[in-house]
Amino acid sequence: MQELLAFDAVAKHKSFTRAASFLCITVSGVCKQISALTAFVGWLKKLLAKAILDMEALKVIIKAKP
């Protein structure tokens, strides 16, 4: 949740420095939170891609059944 708050603050203030000031944390802290959010989104993207591929494979298997 903190990661999303940091992202929102950076977007609203258009600056990591101003976002850090608004959140009462260091710029490094904001960077770490944005980095963690980026990693999570990347993981989620891979998970969803795998789920889509699994669904497509399942459709092929179902169609192949006699």
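Bear in mind that the values here come from a model prediction, so they are computed numbers and not experimental data.

### Thoughts on the side chain of Gln33
- Considering the arrangement of structural elements, one finds Gln33 in helix H3 (residues 27-64).
- Residues within four places of Gln33 in sequence aside, it is in contact with Gln2, Glu3, Ala6 and Ile25.

### Digging into the packing of helix H2 (residues 16-23) against H3
- One way to put it is that H2 packs onto H3 with a least axis distance of 8 Å and a crossing angle of 100 degrees. Taken together, the axes of H2 and H3 are roughly perpendicular relative to one another. Of the residues in H3, those in contact with Phe16, Thr17, Ala19, Ala20 and Leu23 of H2 are Val27, Val30, Cys31 and Ile34.

### A look at the nonpolar core
- Residues Ala6, Ala9, Val10, Ala19, Ala20, Val30 and Ile34 constitute the largest nonpolar core, which totals seven residues.
- Among the elements of the structure, helix H1 (2-13), H2 and H3 are those that each provide at least two residues to this core.
- Top contributing element to this core by residue count: H1, with three residues.
- With residues up to four places along the chain from it excluded, the contact list for Val10 reads Ser15, Phe16, Ala19, Val30 and Ile34.

### Focus on the confidence of the model for the protein chain
- Of all residues in the protein chain, 98% have pLDDT values of 70 or greater, and the mean over the chain is 93.
- Ranking the helices and strands of the protein chain by mean pLDDT puts H2 first, with 98, and H3 last, with 91.

### What about H2?
- With a side-chain oxygen lying 3.2 Å from the backbone nitrogen of Thr17, the N-terminal cap of H2 falls on Ser15.
- Just past H2, the residue Cys24 takes up positive phi, approximately 60 degrees.

### Overview of the packing of H1 against H2
- Relative to each other, H1 and H2 sit at 125 degrees, their axes nearing to 8 Å. Our classification of the angle between H1 and H2 gives oblique. For the pair H1 and H2, the crossing hand works out as right-handed. Touching Leu5, Ala6, Ala9, Val10 and His13 of H1 are Phe16, Arg18, Ala19, Phe22 and Leu23, all from H2.

About the criteria used
Residues numbered from 1 in each chain as written. Predicted model: local features only at pLDDT ≥ 70, side-chain atom pairs only at ≥ 80, totals over all residues. Heavy atoms only, no water. Helix = DSSP H or I, 4+ residues; strand = E, 2+ residues; numbered from the N terminus. Contact = heavy atoms within 4.5 Å. Axes fitted to C-alpha atoms, helices over the stretch in contact; angles between N-to-C directions. Parallel < 35°, antiparallel > 145°, perpendicular 65-115°, else oblique. Core = buried A, V, L, I, M, F, W, Y, C linked by side-chain atoms within 4.5 Å. Buried < 20%, exposed > 50% of the residue type's maximum accessible area, 1.4 Å probe, protein only. pLDDT = per-residue confidence, 0-100. Polar contact = N/O pair within 3.5 Å; in protein donor to acceptor, adjacent residues only side chain to side chain. Left-handed = near helix turned anticlockwise from the far one by under 90°.

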